[in-house]
Amino acid sequence: MKAHEYQAKQLMAEYGVPVPKGGVAKTPAEAKKAAADLGGKVVVKAQVHAGGRGKAGGIKVVDSPDEAEKAAAGMLGKKLVTHQTGPEGVPISAVLVEEAIEIDRELYLGIVIDGVAGVPVIMASEAGGMDIEEVARTTPDKILKVNVDPALGARGYIARELAYGLNLSKEQIRPATEAIANLYKLFQAKDCSLAEINPLVVTKDGRVLAADAKLNFDDNAMYRQKAVEALRDTSQEDALEVEAKAKGIENYIKLDGSVGCLVNGAGLAMAVLDLLKQAGGNAANFLDIGTINDPERVVQAIEIINSDPDVKAILINIFGGMARTDVIAEGLVEAHKRMTIKSPVVVRLAGTNVEKGDEILAQSGLNLIRAHSFKEAAEKAVQAAGNSK
Ligand code: GDP
Ligand code: MN
């Protein structure tokens, strides 16, 4: 789950990471008022769940409340397309109005989980700003990295070592060290999967401030993070993913190929993606139905895959262990009664009750493409999708 910049900055402020003064506005009039309260010279920032706003017109530095109102009117109710959003963009329903800061240096500070080491890693760089991805690609040694033992936390020396690596003045070392240590505390306390400040700025008057703020959270921790969950803005998320979640289907992921995949189990899902690719195609999504033995859930799952306009063929690949393949077959027959399935359906069933499952499908009279091996299923699905990527 992602938070908006203004929400992330509120959390950072609570944890002692310094942020610029500002307020959120949902109408141009509110933006004008917020700008007047801040003395007129402000930056107006589109609040969307995507980075790259600066280069896409989503960040405007203005000199007066009237201009702030105009900048907000130009953003609110529109969609912002950045290199992270895809061509359809994301809706802007709020802007953050902040004191415009005079920037001397743009640094980078980020915390993620290092998947190889299995612990959080804090990253810092002098080369912050809008091109950090390019820096990571071309000059990775400009990014300092320190792994943190989660049982010990970001001890003082870790934060200090990073702060010293940023070539700060003597006066800035202490606030930078505190910002790093406090961002780590927030990361840990709120079950973040990412906490990023890009840029962490040094202002012309020597302050260290989070000019941007991004927090992502571990979805599996939401049961103990009710306050975080309350920040969720579903208007920024993929509509079918939201619908799947509302129906209790936790693992529906939108992708950009043309084969819709109904599978059971995450491992099988990953293998399906690989085999589709090997067969020259790509998945439009995958829906992991898990160990569900209720045909109604199968109908709901097919409904979601069927409403994805990118789907040109549906691949149902089920390995029945605890899940029964006859229930999947029953659900598939029921789905055909209730809706028009727009694309050809390839079905491969194996495991528990497969004889019964095959019999249900054979007797249904439905025009299905049957496959027996996994590879055959993937190849037939790519073919049925018209060999489109
Ligand atoms: P992003 O492009 O979505 O990552 O948005 P950011 O919040 O990082 O803003 C992009 C860029 O706008 C920053 O790297 C800064 O150069 C600039 N910027 C952001 N806030 C301010 C501000 O208060 N004053 C000035 N002068 N520039 C700002
Ligand atoms: Mn940024």
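See the structure above.
Residues numbered from 1 in each chain as written. Chains lettered and ligands numbered in written order. Predicted model: local features only at pLDDT ≥ 70, side-chain atom pairs only at ≥ 80, totals over all residues. Heavy atoms only, no water.

### Description of the pattern of salt bridges
- Applying the stated rule across the entire model yields 29 salt bridges.
- Asp 212 is the partner of Arg 53 in a salt bridge, and the nearest nitrogen-oxygen pair spans 3.0 Å. With Arg 53 in the loop between strand S2 (42-46) and strand S3 (59-62) and Asp 212 in the loop between strand S11 (208-210) and strand S12 (214-217), the pair connects residues that are 159 residues apart, well separated along the chain.
- For Arg 53, a relative accessible area of 7% puts it in the buried group.
- Here Lys 55 ties to Asp 131 by a salt bridge, and the two come within 2.5 Å at their closest N and O atoms. In this pair, Lys 55 sits in the loop between S2 and S3 while Asp 131 sits in the loop between strand S8 (119-125) and helix H4 (132-138), placing the two residues 76 residues apart along the sequence.
- Classification of Lys 55 as exposed rests on a relative accessible area of 55%.
- Here the salt bridges do not stand alone but share partners, grouping Glu 5, Lys 9, Lys 45, Arg 53, Glu 98 and Asp 212 into one network. (Salt bridge = Lys/Arg side-chain N within 4 Å of Asp/Glu carboxyl O. Helix = DSSP H or I, 4+ residues; strand = E, 2+ residues; numbered from the N terminus. Buried < 20%, exposed > 50% of the residue type's maximum accessible area, 1.4 Å probe, protein only.)

### Thoughts on the coordination of the manganese ion (ligand 2)
- Protein ligation of the manganese ion (ligand 2) involves Asn 198 (O) and Asp 212 (OD), the donor distances falling in the range 2.2 Å. Of this pair, Asn 198 sits in strand S10 (residues 192-203) while Asp 212 sits in the loop between S11 and S12, and the two are 14 residues apart along the sequence.
- Of the residues examined, Asn 198 reaches a relative accessible area of 13% and is grouped as buried. (Donors = N, O, S within 2.8 Å, 3.2 Å for Na, K, Ca; no water.)

### Looking at the nonpolar core
- Of all hydrophobic cores here, the largest spans 41 residues; its most connected members are Met 12, Ile 122, Leu 183, Leu 215 and Phe 217.
- Of all the elements in the fold, those that place two or more residues in this core are helix H1 (5-14), strand S7 (103-114), S8, helix H5 (156-164), helix H6 (170-189), S10, S11 and S12.
- The leading source of residues in this core is H6, at 8 residues.
- Listed in part, the 32 residues of the second largest apolar core include Ile 249, Ala 284, Ile 304 and Val 347. (Core = buried A, V, L, I, M, F, W, Y, C linked by side-chain atoms within 4.5 Å.)

### A closer look at the site of ligand 1
- What surrounds ligand 1 is a group of 16 residues, the closest being Lys 45, Arg 53, Gly 54, Glu 106 and Asp 212.
- Measuring from an oxygen atom of ligand 1, one finds a side-chain N or O atom of Arg 53 at 2.8 Å.
- Within the side chain of Asp 212, one N or O atom sits 3.0 Å away from an oxygen atom of ligand 1.
- Protein burial of ligand 1: of its 570 Å² of free accessible surface, 84% is covered by the chains.
- Within the residue set of the shell around ligand 1, elements represented by two or more residues are S2, S7 and S10.
- Residues of the shell around ligand 1, tallied by class, amount to 7 nonpolar, 4 polar and 5 charged. (Near = heavy atom within 4 Å. Polar contact = N/O pair within 3.5 Å; in protein donor to acceptor, adjacent residues only side chain to side chain. Areas by Shrake-Rupley, 256 points an atom, 1.4 Å probe, with all protein chains shown as cover. Nonpolar A, V, L, I, M, F, W, Y, C, P; charged D, E, K, R; others polar.)

### Re the side chain of Thr 85
- Mapping Thr 85 onto the fold places it in the loop between strand S4 (79-80) and strand S5 (90-91).
- Separated by 3.0 Å, the side chain of Thr 85 and the backbone nitrogen of Thr 82 make a polar contact.
- Thr 85 has contacts with Ala 50, Leu 80 and Val 90, leaving out every residue within four places of it along the chain. (Contact = heavy atoms within 4.5 Å.)

### Some words on the environment of Ala 127
- In this fold, Ala 127 is placed in the loop between S8 and H4.
- Separated by 126 residues in the primary sequence, Ala 127 and Met 1 place their C-alpha atoms 27 Å from one another.
- With sequence-adjacent residues up to four places away left out, Ala 127 is seen in contact with Glu 106, Ile 132, Val 135 and Lys 142.

### Considerations on H1
- Here H1 lies mainly inside the structure; 7 of its 10 residues are buried.
- All buried positions along H1 are accounted for by Glu 5, Tyr 6, Gln 7, Ala 8, Lys 9, Leu 11 and Met 12.
- Note on H1: the residue one or two positions beyond its end, Gly 16, has a positive phi of about 85°.

### Side note on the sheet that holds strand S18 (residues 369-370)
- Strands sit in the order S13-S15-S14-S16-S17-S18 across an open sheet of 6 strands; the sheet is mixed. Of all strands in the sheet, those bounded by a partner on one side alone are strand S13 (251-254) and S18.
- Here strand S16 (residues 313-320) pairs with strand S17 (residues 345-351) via 7 bridges, running parallel. Considered in S17, the bridge of Ile 318 is made with Leu 349. (Pairing = 2+ DSSP bridges.)

### Here we look at the packing of helix H2 (residues 28-37) against helix H3 (residues 65-75)
- The contact between H2 and H3 brings their axes to 8 Å, and the two run at 145°. In this structure, H2 crosses over H3, and the sense of that crossing is right-handed. Contacts from Pro 28, Ala 29, Ala 31, Lys 32, Ala 35 and Ala 36 of H2 reach H3 at Pro 65, Asp 66, Ala 68, Glu 69, Ala 72 and Ala 73.
- When its residues are assigned to classes, the contact of H2 with H3 shows 9 nonpolar, no polar and 3 charged. (Axes fitted to C-alpha atoms, helices over the stretch in contact; angles between N-to-C directions. Left-handed = near helix turned anticlockwise from the far one by under 90°.)

### Describing H6
- Spanning 20 residues, H6 covers 30 Å between terminal C-alpha atoms, matching the ideal 28 Å at 1.5 Å per step.
- Those residues of H6 that sit buried are Gln 172, Ile 173, Ala 176, Thr 177, Ala 179, Ile 180, Ala 181, Asn 182, Leu 183, Tyr 184, Leu 186 and Phe 187. (Expected span 1.5 Å × (residues − 1).)

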